[in-house]
Amino acid sequence: MHCHMGCPLLIALPHGLNVSGVTMWAIRLAGTLAERGRGAGLLLHGEPPGHDRLPIELPHGVRWFDLSGLPPIGGADADLTPHAEVYREAVGRLADRHGAPVALSPNLLGDCYGIAAALCRTEPGPVRVLGWNHSPIAYNDRVLAHYKPVISRFVAVSDRIEKSLRRLLPDRAADVVNVPYGVRVPAAPPRRPALRGRPVRLLYTGRIDHREKRILALPALSRELGRRGIDHELTIIGDGPAEGELEAASAGLETVRRLPPAPPGEIDRLLDASDALVLASRYEGLSVSMLEAMARGCVPIVTRVPSGVGQAVEEGRNGELADCGLQDDEDTVAAVLADAVQRFLSRDPPAMSESAWRTARDRFSLSRHADAVERVLDAVAVEPPRAWPVDASCGFDASVPPEGPDRLATLLHRLRGRRVVIHGTGRHTHRLIEVLTGSPAQIVAFTDPDRQRHGETLCDRPIVAPGDAAATGATDVVISSWINQQAIWGRRAEYETQGLSVHRLYE
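Here the structure is a predicted model, which is why all the values come from computation and not from measurement. (Residues numbered from 1 in each chain as written. Predicted model: local features only at pLDDT ≥ 70, side-chain atom pairs only at ≥ 80, totals over all residues. Heavy atoms only, no water.)

Draft legend 1. Quick look at the nonpolar core. One finds Leu43 and Met290 to be the most contacted residues of the largest nonpolar core, which totals 139 residues. If sequence neighbours within four positions are ignored, Met290 has contacts with Leu277, Leu279, Pro300, Val302, Val309, Ala312 and Val313. In terms of nonpolar packing, the next biggest core, distinct from the first, is built from 18 residues, Leu408, Val420, Leu432 and Phe446 among them. (Core = buried A, V, L, I, M, F, W, Y, C linked by side-chain atoms within 4.5 Å. Buried < 20%, exposed > 50% of the residue type's maximum accessible area, 1.4 Å probe, protein only. Contact = heavy atoms within 4.5 Å.)

Below is the structure:
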């Protein structure tokens, strides 16, 4: 095979081949670059608990490096040394084969960028780091700002993220590039049978997650459509941490069908058979599943969130937007989504289907995306390497802001004498263990939505499901999270319905 002598791209996936838009983006982009003769590789970590490996074959010509046997990164005090060795080996192989520096794209986790920084401290020559920002959350901003010294380009996937990055990094604004995702678009949109006389077919495909995707609004949507007398079928496909909650919320709903993750060909078949994709997300960068749906003529019906939705969806022409807030509960979101479904049915669904397909073809094709990425690769290849300061730590911890310990100590002092459950057993909680162990309040348990943690202990206290918090005899719940606090606060009703008072640490 002819070897393209340009800068190869090495994409790290710290969550492995889990069900995720970022996963599909990486696989498709790497495959397209390999088809063009440019070097492409994937660094595949293990999948997180509750996620199975996506049933997909990796594209021909893409080098992949298996890190699934190593401990997961992103945990408290993770040792990144063995991971760095695999990253270093992968960079060396691609650099030697293609005779050019390697563009390394860490993704999603600060520790993933920390490994890139470690390489740039010892051997910066063959590495050019690309900082992709996939969603508009504070964590991503802090990661990119922290690792700014070694990042050659900051890649925004939407117009909104581009503007945000330019404000965040005024001294590096010239290095911010806007590269929307791309998807494969068929030559023509599939034809669907007329809606008259049959149910409207709705589809959700993606991660079964409530923090970002607000998945529990979808069973509520089905119930609301039923109350309104709208004949429908809702198929939900994917896996993720909220599967148990989704199954409970869908119990007794004959209109809801659950399917496990499927390969891309099967997803295409489901999109072709569906009239509309429904997304209840709290936030998105530029939803890959939305673009995939549009490419198949499946009309997006999505929440109007601060994201790239507005640059793809024109309300009433190629999709419908539902207005709701970050903290709105499932029933509120279901109601506005049901309104949007009704608007869709009252318009001209076949015309909207074709318009969605044309939008994907003209603005979000995989070829267009790969062209833009190749321009970035060619530009950074001729620039000098960026070294990480020798005296700076490569590690990253955005779990606790500087004021976190004082805020927690103050809150626990206010709750002294009361029985408190701590929501969260992740890095934020581990970083504040000393404050918790010295608490004047009585810490009786920890809660975590991850079912695999239930039955374990932390600080000799049991870890239980949020729904079992009251059974511990608790009177109050403290949310131990900074990055995800807003989403957890939006679901505080699961505690309040148990008679518990819920408290957050940060504004």
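After that view of the structure, there is still more to cover.
Draft legend 2. Main features of the pairing of strand β4 (residues 102-105). Where burial is concerned, the two faces of β4 agree: the one with Val102 and Leu104 and the one with Ala103 and Ser105 are both buried. Alignment of strand β1 (residues 9-13) against β4, held across 3 bridges, turns out to be parallel. For Leu9, the partnering residue across the bridge sits in β4 and is Ala103. In this fold, the crossover linking β4 to strand β5 (residues 127-133) by way of helix α3 (residues 110-122) has right-handed handedness. (Helix = DSSP H or I, 4+ residues; strand = E, 2+ residues; numbered from the N terminus. Pairing = 2+ DSSP bridges. Right-handed = clockwise from strand over helix to strand, strands pointing away.)

Draft legend 3. View of the sheet that holds strand β10 (residues 256-259). Strands sit in the order β10-β9-β8-β11-β12-β13 across an open sheet of 6 strands; the sheet is parallel. Strands with a single pairing partner mark the edges of an open sheet, and in this sheet they are β10 and β13 (320-322). Each adjacent strand pair in this sheet contributes to an overall mean axis angle of 25 degrees, direction not counted. With 2 bridges connecting them, strand β8 (residues 200-205) and strand β11 (residues 276-279) associate as parallel partners. Paired with Leu203 across the bridge in β11 is Leu277. Set on the sheet, helix α11 (residues 330-346) makes contact with β8, β11, β12 (299-303) and β13; between it and β13 the angle comes to about 160 degrees. (Axes fitted to C-alpha atoms, helices over the stretch in contact; angles between N-to-C directions.)

Taken by themselves, the reported measurements are silent on function.
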